[in-house]
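The residues making up each chain are set out below.
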Amino acid sequence: MKRISKIVLFVMALGLMMAVRQPVKAQCAQCAATVETNTKEGGNAAKGLNKGILFLLGAPYLAVAAGGYVWYKNYRRKNVNLNMRDEKLNLN
């Protein structure tokens, strides 16, 4: 009974999130206006802004990858002997 109520609650929450979604803008008004006027005048501020966004997007992934590499190198086990029994396991 508890499992069904959890599923119903999850579906209701998901449906509510999908029903009340609103469009959002990714830039503040000042940044958007500056880039728009600069682009109209032939500038390349939009390229710099896009490169900055990509840099900020990639930084957390690089940090997690570096941490994972360090963890893998420090905590992996080498030549581990698994002392398993030769008899079959009964899973019933």
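Basis of the calculations
- The residue numbers shown here count from 1 along each chain, following its written sequence.
- Local features in this predicted model are restricted to residues whose pLDDT is 70 or higher, and side-chain atom pairs enter the listing and the counts only when it is 80 or higher, whereas totals over whole chains, interfaces and linings include all residues.
- The side-chain numbers reported here are obtained from all heavy atoms of the structure, hydrogens and water having been left aside.
- Put simply, DSSP H or I for four residues or longer makes a helix, DSSP E for two residues or longer makes a strand, and each gets a number counted from the N terminus.
- As defined in this context, the radius of gyration uses C-alpha atoms, and a globule is described by 2.2 Å times the residue total to the power 0.38.
- Only the protein chains shown count as cover for residues, and all accessible areas are computed by the Shrake-Rupley method using a 1.4 Å probe.
- The charged-residue count follows a simple rule in which Lys and Arg add positive charge and Asp and Glu add negative charge, with His and chain termini not counted at all.
- Taken as the charge location is NZ of Lys, CZ of Arg, CG of Asp or CD of Glu.
- Like-charged residues within 9 Å of one another, or nonpolar side chains (Val, Leu, Ile, Met, Phe, Trp, Tyr) within 5 Å, are grouped into patches, provided each residue has over 30% relative accessible area and no salt bridge.
- Each reported salt bridge corresponds to a side-chain nitrogen of Lys or Arg within 4 Å of a carboxyl oxygen of Asp or Glu.

**A look at the overall build of the chain**
Right, so step 1: Looking only at helices and strands, the chain has 3 helices and 0 strands in total.
Right, so step 2: Secondary structure elements of the chain, listed N to C terminal, follow the sequence α-α-α.
Right, so step 3: Its C-alpha atoms give the chain a radius of gyration of 26 Å, more than 25% over the compact-globule value 12 Å for 92 residues.
Right, so step 4: Carbon and sulfur atoms make up 63% of the accessible area of the chain, which totals about 9,700 Å².
Right, so step 5: Seen as two clouds, the 14 positive and the 4 negative side-chain charges of the chain have centres 4 Å apart.

**Some details on a nonpolar patch on the surface**
Right, so step 1: On the surface, I7, F10, V11, L14, M17 and M18 cluster together into a nonpolar patch covering about 640 Å² of accessible area.
Right, so step 2: Relative to the assigned elements, I7 resides in helix α1 (residues 2-19).

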